[in-house]
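# Understanding the architecture of this molecule
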Amino acid sequence: MSNPDFQAMRRAMVESQLRTNAVNDPRVTAAFEAVAREAYVPAERRTTAYIDRAVPLSAGRAMNPPLATARLIVEAGIDAADKVLIVGAASGYAAAVVAQLAASVVALESDAELVGNAKGLLKGLSNVTVASGDLTKGWTKGAPYDVILVDGAVEELPDAFTRQLAEGGRLAAAIVENGVTRLVIGYKAGDGIGLDRIMDAEAVVLPGFAKPKAFAF
């Protein structure tokens, strides 16, 4: 495609991928239409930015498919007063979308190259802070959060996420179960988070969250 119409591709993504899969909140669909997804992927991959599968970025990392990110955002019920932590922010796309919905966003990423990309791409958004650190430890500096959005798939959720959520806060993520990724939403009550499964969906696996291998005799 010599001159791709990214705006038309963005509208098509919202209409054919998101709205047909229970992403109908007008605030959320407007946020997805407002953010140029193609800007957050390498230049040579921009024409593939709006297909519903992961887009490779760098160092073995990839951008989550649009549907996975969108359903997690919808299920998290983000409102205008919320403080949100995004774990696995990659180049910053999910943070740019959530910034349209929330009061403040911390975009946490562990890969140095992706952190640099995210800072450049998100510098115009005054309510977004890009943080560099171990994804499994969350980001205590901004805690407690109303929402923690894990923009990818993990085998287990660290206790740090529970500690960093406000009472009644929501945690949205994809969980790897027997090789299948399932989107989940959780609500904090006391010292725990109860998880409800939403749907099976493709999601990129984030580094550092593998369960320890059981010892076999």
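Each remark here, short or long, concerns the structure printed above.
Heads up: these notes are all about the structure in this document. Keep in mind it's a predicted model, so treat the numbers as computed, not measured.

### A closer look at the pairing of strand β3 (residues 83-87)
The buried count for β3 comes to 4 of 5 residues, which makes it a mostly enclosed element. Crossover handedness for the path β3 to helix α4 (residues 93-98) to strand β4 (residues 104-109): right-handed. Of the strand pairs in this sheet, β3 and strand β6 (residues 145-154) are connected by 4 bridges, and their pairing is parallel. In the strand pairing of β6, Val87 is matched with Val150.

### Remarks on the sheet that holds strand β8 (residues 180-189)
With mixed pairing, the 7 strands of this open sheet are ordered in space as β5-β4-β3-β6-β7-β8-β9. Unpaired on one side and paired on the other, β5 (128-132) and β9 (192-200) mark the two borders of the sheet. The average angle at which neighbouring strand axes cross in this sheet is 20°, direction not considered. Across the face of the sheet, helix α3 (residues 66-76) comes into contact with β6, β7 (165-177), β8 and β9 while running at roughly 20° to β8.

### With respect to unusual backbone geometry
With an omega of 0°, the peptide bond running from Ala143 to Pro144 counts as cis. Relative to the assigned elements, Pro144 resides in the loop between β5 and β6. Backbone geometry places Ala22, a non-glycine residue, at a positive phi of 70°. Within the secondary structure layout, Ala22 lies in the loop between α1 (6-18) and α2 (26-34). Take Ala22: its relative accessible area is 42%, and that puts it in the partly exposed class. Phi is positive for Ala90, which is not a glycine, with a value near 55°. When you line up the elements, Ala90 lands in the loop between β3 and α4.

### Some details on the environment of Asp196
Here Asp196 shows up in strand β9. Using a relative accessible area of 44% as the deciding quantity, one classes Asp196 as partly exposed. For the pair Asp196 and Ala43, spaced 153 residues apart in sequence, the C-alpha separation works out to 37 Å. Discounting residues that sit within four places of it in the chain, Asp196 has contacts with Leu183, Val184, Ile185 and Tyr187.

Analysis parameters
Residues numbered from 1 in each chain as written. Predicted model: local features only at pLDDT ≥ 70, side-chain atom pairs only at ≥ 80, totals over all residues. Heavy atoms only, no water. Buried < 20%, exposed > 50% of the residue type's maximum accessible area, 1.4 Å probe, protein only. Helix = DSSP H or I, 4+ residues; strand = E, 2+ residues; numbered from the N terminus. Right-handed = clockwise from strand over helix to strand, strands pointing away. Pairing = 2+ DSSP bridges. Axes fitted to C-alpha atoms, helices over the stretch in contact; angles between N-to-C directions. Contact = heavy atoms within 4.5 Å.

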